[in-house]
Amino acid sequence: MGLSKSRFIIWSELWTAGYLIRTYDRENRFSVAGVTGQNAIIRDELLTSFISATLEPMNTCKLFISTGAFTDNTGGAFIEPRIVAELAYLADALGEQDYLMGPKLGRPDFMLSWPLDIIVQRGWAKLPPRLEAWRERVLARDAWKSAMAKPGVPYDLTTFGKR
């Protein structure tokens with residue numbers, strides 16, 4: 001049975017971001033094309049996968065707990081330390097670069113934006129200085145400012161999931 005006849009829907013921001021970049025980024029502004037060193041393709045895949053398969057699930061669990069959908073019987077002893085450790089790993093991966101793939105914004109940066117926004121807005125963890133500087137660069141981008149200036153675009157993640 002092909003995917004078109006499947007009863008399952010597979011949604012992954014990891015693949016969606018890759019598809020959008022491959023399909024619409026004709027000028028290679030966000031792709032690994034032109035990124036030299038660091039084994040760019042492997043680095044892109046590693047960081048994007050880490051964010052999608054490690055940081056995102058921790059955020060999702062924390063979000064469900066914070067909305068009362070799940071009960072945290074550990075008193076936060078598991079999730080909070082994992083989020084802090086994952087942030088430290090990403091800060092180390094960023095190093096002294098402007099973006100995760102070097103001098104230009106890339107797929108891992110897109111993937112990291114939402115998790116960091118929810119972590120910061122909900123006060124779940126303090127970002128390491130390198131990630132805080134990264135986030136400030138992302139928020140200062142003209143495209144971000146333009147998106148947030150559109151009417152009807154609320155981006156208050158402190159109320160997300162609350163009734």
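Before reading on, note that the structure itself is shown above.
Residues numbered from 1 in each chain as written. Predicted model: local features only at pLDDT ≥ 70, side-chain atom pairs only at ≥ 80, totals over all residues. Heavy atoms only, no water.

**Student:** So what's going on with the nonpolar core? Which residues, and what values?
**Tutor:** Counting 31 residues, the largest nonpolar core has Ile-83, Leu-87, Leu-90, Leu-112, Leu-116, Ile-119 and Leu-131 as its most contacted members. The set of elements that each furnish at least two residues to this core consists of helix H1 (13-24), helix H2 (40-66), helix H3 (79-94), helix H4 (107-122) and helix H5 (129-140). Looking at which element gives the most residues to this core, the answer is H3, with seven residues. In contact with Leu-87, other than residues within four places in its own chain, are Leu-116, Ile-119, Ala-125, Lys-126, Leu-127, Pro-128 and Leu-131. (Core = buried A, V, L, I, M, F, W, Y, C linked by side-chain atoms within 4.5 Å. Buried < 20%, exposed > 50% of the residue type's maximum accessible area, 1.4 Å probe, protein only. Helix = DSSP H or I, 4+ residues; strand = E, 2+ residues; numbered from the N terminus. Contact = heavy atoms within 4.5 Å.)

**Student:** How would you sum up the pattern of salt bridges? Please name residues and give values.
**Tutor:** In the structure shown here, the tally under the stated rule is seven salt bridges. Between Arg-107 and Glu-45 there is a salt bridge; the shortest N-O distance is 2.9 Å. You can see Arg-107 sitting in helix H4 and its partner Glu-45 sitting in helix H2, a full 62 residues away along the chain. Overall, the relative accessible area of 31% leaves Glu-45 in the partly exposed class. The salt bridge involving Lys-62 is made with Glu-80; its shortest N-O contact spans 2.5 Å. Of this pair, Lys-62 sits in helix H2 while Glu-80 sits in helix H3; the two residues are 18 residues apart in sequence, bridging distant segments of the chain. Taking the relative accessible area as the measure of exposure, Glu-80 reaches 24% and is therefore partly exposed. The network of salt bridges with common partners includes Asp-44, Glu-45 and Arg-107. (Salt bridge = Lys/Arg side-chain N within 4 Å of Asp/Glu carboxyl O.)

**Student:** Which residues make up a nonpolar patch on the surface, and what values go with them?
**Tutor:** Taken together, Tyr-19, Leu-20 and Tyr-24 make up a surface patch of nonpolar side chains, about 350 Å² in accessible area. As for its placement among the helices and strands, Tyr-24 is situated in helix H1. For Tyr-24, a relative accessible area of 56% gives the class exposed. (Patch = residues over 30% accessible without salt bridge, like charges linked within 9 Å, V, L, I, M, F, W, Y side chains within 5 Å. Areas by Shrake-Rupley, 256 points an atom, 1.4 Å probe, with all protein chains shown as cover.)

**Student:** Please give an account of H3 that cites residues and values.
**Tutor:** Along its 16 residues, H3 runs 22 Å from first to last C-alpha, staying within 8% of the 22 Å computed at 1.5 Å per residue. Residues Ile-79, Ile-83, Glu-86, Leu-87, Leu-90, Ala-91, Ala-93 and Leu-94 constitute the buried set of H3. One face of H3 carries all of its buried residues, which in axial projection span an arc of 160 degrees. The positive-phi residue at the C-terminal boundary of H3 is Gly-95, with phi of around 60 degrees. (Expected span 1.5 Å × (residues − 1). Arc of directions from axis to C-beta.)

**Student:** Account for the packing of H3 against H5, with residues named and values stated.
**Tutor:** Contact geometry of H3 with H5 gives a least axis separation of 8 Å together with a crossing angle of 70 degrees. Our classification of the angle between H3 and H5 gives roughly perpendicular. Seen from H3, the contacting residues are Leu-87, Leu-90, Ala-91, Asp-92 and Leu-94; seen from H5, they are Arg-130, Leu-131, Trp-134 and Arg-137. Classifying every residue of the contact of H3 with H5 gives six nonpolar, no polar and three charged. (Axes fitted to C-alpha atoms, helices over the stretch in contact; angles between N-to-C directions. Parallel < 35°, antiparallel > 145°, perpendicular 65-115°, else oblique. Nonpolar A, V, L, I, M, F, W, Y, C, P; charged D, E, K, R; others polar.)

**Student:** Which residues make up the packing of H5 against helix H6 (residues 142-149), and what are the values?
**Tutor:** It is at 5 Å that the axes of H5 and H6 come closest, and there the two elements cross at 65 degrees. Residue-level inspection shows Val-138, Leu-139 and Ala-140 of H5 in contact with H6, the latter providing Asp-142, Trp-144 and Lys-145. Per-class residue counts for the contact of H5 with H6 are four nonpolar, no polar and two charged.

**Student:** Please set out the environment of Glu-132 residue by residue, giving values where relevant.
**Tutor:** Of note, Glu-132 is situated in helix H5. Distance in space between the C-alpha atoms of Glu-132 and Leu-116 is 9.1 Å, their sequence separation being 16 residues.

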